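Structure at a glance
So you can see what is in the structure, the chains are spelled out below.
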Amino acid sequence: MVAVVKEDVGTEVQDFRKRAWPEGDIFIDPDMSFYKSLFDGQVKKETLWGFLWKMFVGRSEVSKRMRLNSEKAAAHKADSNLKGEGLILGGLYIVRKGGPAEYGFAESEVMDYAPVEEVH
């Protein structure tokens, strides 16, 4: 398995490797080709004001899901920080070596994640 990140700010990639990805390859994608592949050739980005509204003021189902995801991350003591650009949406591809993507997930909102039951 490999991880694709869009930037390496300070010791972020090194810290990620220690914390979550000790054996896998990590590729830095400065052109954001991976991110563009998730969203029809475009980089999808949330605005700061949109994120803050949804997180702290909004009452929609999206806002509720974002707050719930934040609470889950905090309960699992997931490390987070304010380094780098954090409003670009990403996702997940599962691809067998030499084959096509067998599973794809694109965030619809910041803090989305692929349902674990679909990934297994």
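Data block above holds the structure.
Residues numbered from 1 in each chain as written. Predicted model: local features only at pLDDT ≥ 70, side-chain atom pairs only at ≥ 80, totals over all residues. Heavy atoms only, no water.

As a further point, take the packing of helix H3 (residues 48–56) against helix H4 (residues 61–75). For any two helices packed against each other, one specifies the crossing angle of their axes together with the interaxial distance. Contact geometry of H3 with H4 gives a least axis separation of 7 Å together with a crossing angle of 80 degrees. Taken together, the axis directions place H3 and H4 in an arrangement best described as roughly perpendicular. Of the residues in H4, those touching H3 at Phe51, Lys54, Met55 and Phe56 are Val62, Ser63, Met66, Arg67 and Ser70. Here the contact of H3 with H4 is composed, by residue class, of 5 nonpolar, 2 polar and 2 charged. (Axes fitted to C-alpha atoms, helices over the stretch in contact; angles between N-to-C directions. Helix = DSSP H or I, 4+ residues; strand = E, 2+ residues; numbered from the N terminus. Parallel < 35°, antiparallel > 145°, perpendicular 65-115°, else oblique. Contact = heavy atoms within 4.5 Å. Nonpolar A, V, L, I, M, F, W, Y, C, P; charged D, E, K, R; others polar.)

Attention now moves to the pattern of salt bridges. Within this structure, the stated rule accounts for 6 salt bridges. The shortest N-O distance in the salt bridge between glutamate 109 and lysine 54 comes to 2.7 Å. Here lysine 54 lies in helix H3 and glutamate 109 lies in the loop between strand S4 (101–106) and helix H5 (116–119), a separation of 55 residues in the sequence. Lysine 54 shares its class with glutamate 109; the two are buried. Arginine 96 is the partner of glutamate 102 in a salt bridge, and the nearest nitrogen-oxygen pair spans 2.8 Å. (Salt bridge = Lys/Arg side-chain N within 4 Å of Asp/Glu carboxyl O. Buried < 20%, exposed > 50% of the residue type's maximum accessible area, 1.4 Å probe, protein only.)

Looking now at the nonpolar core. Counting residues in each nonpolar core, the largest one holds 12 residues, listed as Met32, Phe34, Tyr35, Leu38, Phe39, Phe51, Met55, Met66, Leu87, Ile88, Leu89 and Val110. Listed by contribution, the elements that provide at least two residues to this core are helix H2 (33–38) and H3. Ranked by residue count, the leading element in this core is H2, at 3 residues. Setting aside chain neighbours within four positions, we find isoleucine 88 in contact with Lys6, Met32, Tyr35, Val43, Lys44, Lys45 and Glu107. (Core = buried A, V, L, I, M, F, W, Y, C linked by side-chain atoms within 4.5 Å.)

On the surface, a cluster of nonpolar side chains totalling about 240 Å² of accessible area is made up of Val2, Val4 and Phe27. With respect to the secondary-structure elements, valine 4 resides in strand S1 (residues 2–5). (Patch = residues over 30% accessible without salt bridge, like charges linked within 9 Å, V, L, I, M, F, W, Y side chains within 5 Å. Areas by Shrake-Rupley, 256 points an atom, 1.4 Å probe, with all protein chains shown as cover.)

Let us look at the side chain of glutamate 46. Of note, glutamate 46 is situated in the loop between H2 and H3. Reaching out from glutamate 46, the side chain makes a polar contact with the side chain of lysine 54 at a distance of 2.6 Å. Residues within four places of glutamate 46 in sequence aside, it is in contact with Phe51, Lys54, Leu87, Glu109 and Val110. (Polar contact = N/O pair within 3.5 Å; in protein donor to acceptor, adjacent residues only side chain to side chain.)

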